[in-house]
Amino acid sequence: METTIKIVILVAFILTRGEANQDLEKSVKDMMTRLVLNEKKLVETQSSLKMTQEELLQMKTMIVIVEVDNCATKDELNAIKDDLAATKVELTASKDVLSYLRNPPFFHACGCQSSTSITQETIHYGSLLYSSTNTEGGDLDISTGIFSCPYPGSYTVTWSLQADDHASDHVEIFLRKNEENVVESRHFSKYTGPSGYMLEQGGRTLVIHLDRGDSLDLYCVDCDTIYGTTFCVSLTTFDIE
């Protein structure tokens, strides 16, 4: 703008002195036109520069927003990773449960004794009437009469026998768990006649929970004579370990 003023003054000065001519006037007019165009371009450039600065500010703002979003996304990704890890653990547990369901543990064993007369002893068995299992580490040992639990769970225990009770004789038997009497399992038979005898068939069935390694046996407190004893143990419901 200052340059334009100077040129106008110069032109006025030249015209005042009477030295202007057509060529000079034309040159001045061209120069004025170029100056006006240059000033217009300058204004446009300044306006464009202002817009560019505003766009840069907007871009910086957007970059900040994107960085914040990235931080949030990282947190979300970490949370997703944690969820996936927890899901993997749950899937592993589910696979273990499915494995149990597809191939559940089972155990069945029955011992048999034709006859015995014992006192304060565990009943032994002359033969293994039945045995079937897919477990390891436990069994019914017929030589000792002791059952060792191979797998934790609820077991059904059943026994049956015939008591030969003579005058004043009696039979008293308990199921023992880990060598402790299960009081509720008491099996009792007695003949109170003055003479003669009585043959009494009897038995008991109980469901009892056992941990791995627990033991069961039939313990005779007083068994003068008993016949046809069968003792059976079956895993009814297994625990999920």
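Residues numbered from 1 in each chain as written. Predicted model: local features only at pLDDT ≥ 70, side-chain atom pairs only at ≥ 80, totals over all residues. Heavy atoms only, no water.

### A word on the overall build of the protein chain
Our working rule: Each helix is a run of DSSP H or I of at least 4 residues and each strand a run of E of at least 2, with the numbering of both proceeding from the N terminus. Type-normalised accessible area, obtained with a 1.4 Å probe on protein chains alone, sets the label of each residue: buried when under 20%, exposed when over 50%, and partly exposed for intermediate values. Any two residues whose heavy atoms approach within 4.5 Å are treated as being in contact. Residue-level accessible areas treat just the shown protein chains as cover; the underlying method is Shrake-Rupley with a 1.4 Å probe.
Of the regular secondary structure elements, the protein chain holds two helices and ten strands. Seen in sequence order, the protein chain has helices and strands lined up from the N terminus as α-α-β-β-β-β-β-β-β-β-β-β. When the 241 residues of the protein chain are sorted by exposure, 27% land in the buried category. Considering only contacts within the protein chain whose residues lie at least 6 apart along the sequence, 73% involve residues at least 24 apart. Of the roughly 15900 Å² of accessible surface on the protein chain, a fraction of 57% belongs to carbon and sulfur atoms.

### What about the state of the cysteines?
As a reminder of what qualifies: In what follows, a disulfide is any cysteine sulfur pair within 2.5 Å.
Per the counting criterion, the structure on display carries two disulfides. Here cysteine 110 engages in a disulfide with cysteine 232; their sulfurs sit 2.1 Å apart. Linking cysteine 110 and cysteine 232, the disulfide has an S-S dihedral of approximately 120° and is accordingly described as right-handed. Residue cysteine 110 is located in strand E1 (residues 107-122), and its partner cysteine 232 is located in strand E10 (residues 215-238); the two are separated by 122 residues in the primary sequence. When sorted by exposure, cysteine 110 lands in the same class as cysteine 232, which is buried. With a sulfur-sulfur separation of 2.0 Å, cysteine 220 is cross-linked through a disulfide to cysteine 223. Between cysteine 220 and cysteine 223, the disulfide has an S-S torsion of -85° and is therefore left-handed. Both residues of the pair, cysteine 220 and cysteine 223, count as buried. With its bonded cysteines labelled in order along the sequence, the protein chain shows the pairing 1-4, 2-3. Summary of cysteine pairing: cysteine 112 is not part of a disulfide, and the nearest cysteine sulfur, belonging to cysteine 232, is at 9.0 Å. Classification of cysteine 112 as partly exposed rests on a relative accessible area of 22%.

### A closer look at the pairing of strand E8 (residues 187-190)
Quick reminder of the rule: What makes two strands pair is DSSP finding at least two bridges between them.
Side chains of E8 alternate between two faces, with His187 and Ser189 buried and Phe188 and Lys190 left unburied. Across four bridges, strand E6 (residues 170-177) lies against E8 in antiparallel orientation. Its bridge partner being in E8, glutamate 172 is matched across the sheet by phenylalanine 188.

### Quick notes on unusual backbone geometry
Phi angles above zero are rare outside glycine, and glutamine 120 is one such case at about 55°. You can see glutamine 120 is positioned in strand E1. Residue asparagine 178 is not a glycine yet carries a positive backbone phi of 50°. Among the secondary structure elements, asparagine 178 is positioned in the loop between E6 and strand E7 (180-181).

### A word on the nonpolar core
For clarity, the cut-off: Note on terminology: a nonpolar core comprises buried Ala, Val, Leu, Ile, Met, Phe, Trp, Tyr and Cys residues joined through side-chain atoms within 4.5 Å.
Within the largest apolar cluster, 29 residues are counted, with the highest numbers of intra-cluster contacts made by Phe147, Tyr155 and Phe231. At the level of secondary structure, the elements contributing two or more residues to this core comprise E1, strand E5 (153-166), E6, strand E9 (197-210) and E10. Sort the elements by how many residues they give to this core and E10 lands first, with eight residues. Sequence-distant contacts of phenylalanine 147, that is, excluding residues within four places in its chain, are made with Phe107, Asp139, Leu140, Tyr155, Leu210, Asp214, Ser215, Leu216 and Val233.

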